[in-house]
Amino acid sequence: MNTDYLYYYFAPLVSFWYLIIYGTMAIGSQYNERTPVLIVKVLFSMVVVTWVMNQQWLLEMTFEFLERFCNIHWSAREWAFRVNLDLWIVYSGVFTALAVIKVREFRLTDHPRWPLAVRVAAGISAVVLLWFFAFELSQPDKFAYNLWHPYISILPVGAFVVLRNANVILRSGSSRVFAFIGTCSLETFIIQYHLWLAGDTKG
């Protein structure tokens, strides 16, 4: 459609992170049951990906190869921006999954102080969400917020997850509309560029 493929950056971004996490878990997979080894592997992956995404020359070389041999015309600068914007949220998801596994493994939910811990976590999460919305609204523009996003995006996501699981009522409630949209979120993300946005995604 004579548009820049990076307008649809979400599709290759999802594939990129899938391959990174798959590779991280596949390398030395026989040691994944050992928590310290798994943590070191994930931290090492974080360091390598962060380093690569901050090497402009390496990205330029990669995208030059893609253009020459695959006829893919991407902006290395735009790709680096998109990846760096959510650079650590994926890894926080990995650590959250590991934490859930360990909570179940050690049966921490059976501990007498678990309900207190849940209430404290829910209270902190509510405060964090309120702070986040206030912080976000206090930023002069989107570009000022973008500088903070990689470092604080885990806060609202983590707070929402804690609040969603804080009690039976919140856990059992759901929206059929949002559940349906969730099943086709990639498609709705891509189609927005043809339905709702104009002026090369700036309108």
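Caption draft 1: Here's a closer look at the overall build of the protein chain. In terms of regular secondary structure, the protein chain is built from 11 helices and 0 strands. The order of helices and strands in the protein chain, counted from the N terminus, is α-α-α-α-α-α-α-α-α-α-α. Structurally, the protein chain occupies a C-alpha span of about 60 × 45 × 35 Å along its principal axes. Burial status across the protein chain gives 27% buried among its 203 residues. Summing over all exposed atoms, the protein chain offers an accessible surface of approximately 14,400 Å²; the carbon and sulfur share of this is 68%. For the protein chain, the distance from the average position of its 15 positive side-chain charges to the average position of its 13 negative side-chain charges is 14 Å.

Caption draft 2: Fine view of the packing of helix α1 (residues 10-26) against helix α5 (residues 89-105). For the pair α1 and α5, the least separation of the axes is 11 Å and the interaxial angle reads 45°. Between α1 and α5, the angle falls in the class oblique. Like other packed secondary-structure pairs, α1 and α5 cross with a definite hand, here right-handed. In this structure, α1 contributes Trp17, Ile20 and Ile21 to the contact, and α5 contributes Val90, Tyr91 and Val94.

Caption draft 3: Quick look at the environment of Val48. Note that Val48 resides in helix α2 (residues 35-53). Here Val48 falls in the partly exposed class, since its relative accessible area comes to 35%. Taking the C-alpha atoms as reference points, Val48 and Gly23, separated by 25 residues in sequence, lie 12 Å from one another.

Caption draft 4: Up close: unusual backbone geometry. Here Asn71, not a glycine, exhibits a phi torsion of approximately 55°, which is positive. Tracing the backbone through its elements, the reader meets Asn71 in the loop between α3 (56-70) and α4 (76-85). You can call Asn71 exposed: its relative accessible area is 58%. The phi dihedral of Arg107 falls on the positive side, at around 50°, and the residue is not glycine. The class of Arg107 is exposed, set by a relative accessible area of 57%.

Caption draft 5: Region of the structure containing the nonpolar core. Among the nonpolar cores identified, the biggest contains 22 residues, and Trp17, Met53, Phe63, Trp79 and Val83 are the most heavily contacted of them. Those elements that place two or more of their residues in this core are α1, α2, α3, α4, α5 and α11 (185-195). When residues in this core are grouped by element, the largest group, 5 residues, is from α2.

Caption draft 6: A look at the packing of aromatic side chains. Within this structure, the stated rule accounts for 14 aromatic pairs. Here Phe16 and Trp17 contribute two aromatic rings whose centre-to-centre distance is 5.2 Å and whose plane-to-plane angle is 75°, an arrangement assigned as edge-to-face. On the basis of relative accessibility, which here comes to 8%, the residue Trp17 falls in the buried class. Ring centres of Phe63 and Trp74 lie 5.5 Å apart, and the angle between their planes is 45°; on these two criteria the pair is classed as tilted. Of this pair, Phe63 sits in helix α3 while Trp74 is found in the loop between α3 and α4, placing the two residues 11 residues apart along the sequence.

Caption draft 7: Looking closely at the pattern of salt bridges. Evaluation of the coordinates by the stated rule reveals 4 salt bridges. Between Glu78 and Arg82 there is a salt bridge, with its nearest N and O atoms 3.0 Å apart. Separated by 4 residues within a single helix, Glu78 and Arg82 lie in helix α4, roughly one turn from each other. Judged by its relative accessible area of 28%, Glu78 falls in the partly exposed class.

Caption draft 8: Examining α11 more closely. Among the residues of α11, Phe189, Gln192 and Tyr193 are the ones counted as buried. Projected onto a plane normal to the axis of α11, the buried residues spread over an arc of 95° and lie on a single side. Tucked inside the fold, the buried residues of α11 contact α1.

Procedures and definitions
Residues numbered from 1 in each chain as written. Predicted model: local features only at pLDDT ≥ 70, side-chain atom pairs only at ≥ 80, totals over all residues. Heavy atoms only, no water. Helix = DSSP H or I, 4+ residues; strand = E, 2+ residues; numbered from the N terminus. Buried < 20%, exposed > 50% of the residue type's maximum accessible area, 1.4 Å probe, protein only. Areas by Shrake-Rupley, 256 points an atom, 1.4 Å probe, with all protein chains shown as cover. Lys, Arg positive; Asp, Glu negative; His and termini not counted. Charge placed at Lys NZ, Arg CZ, Asp CG, Glu CD. Axes fitted to C-alpha atoms, helices over the stretch in contact; angles between N-to-C directions. Parallel < 35°, antiparallel > 145°, perpendicular 65-115°, else oblique. Left-handed = near helix turned anticlockwise from the far one by under 90°. Contact = heavy atoms within 4.5 Å. Core = buried A, V, L, I, M, F, W, Y, C linked by side-chain atoms within 4.5 Å. Phe/Tyr/Trp six-rings, centres within 6.5 Å; stacked < 30°, edge-to-face > 60°. Salt bridge = Lys/Arg side-chain N within 4 Å of Asp/Glu carboxyl O. Arc of directions from axis to C-beta.

Shape is all these values report; function is a separate question.
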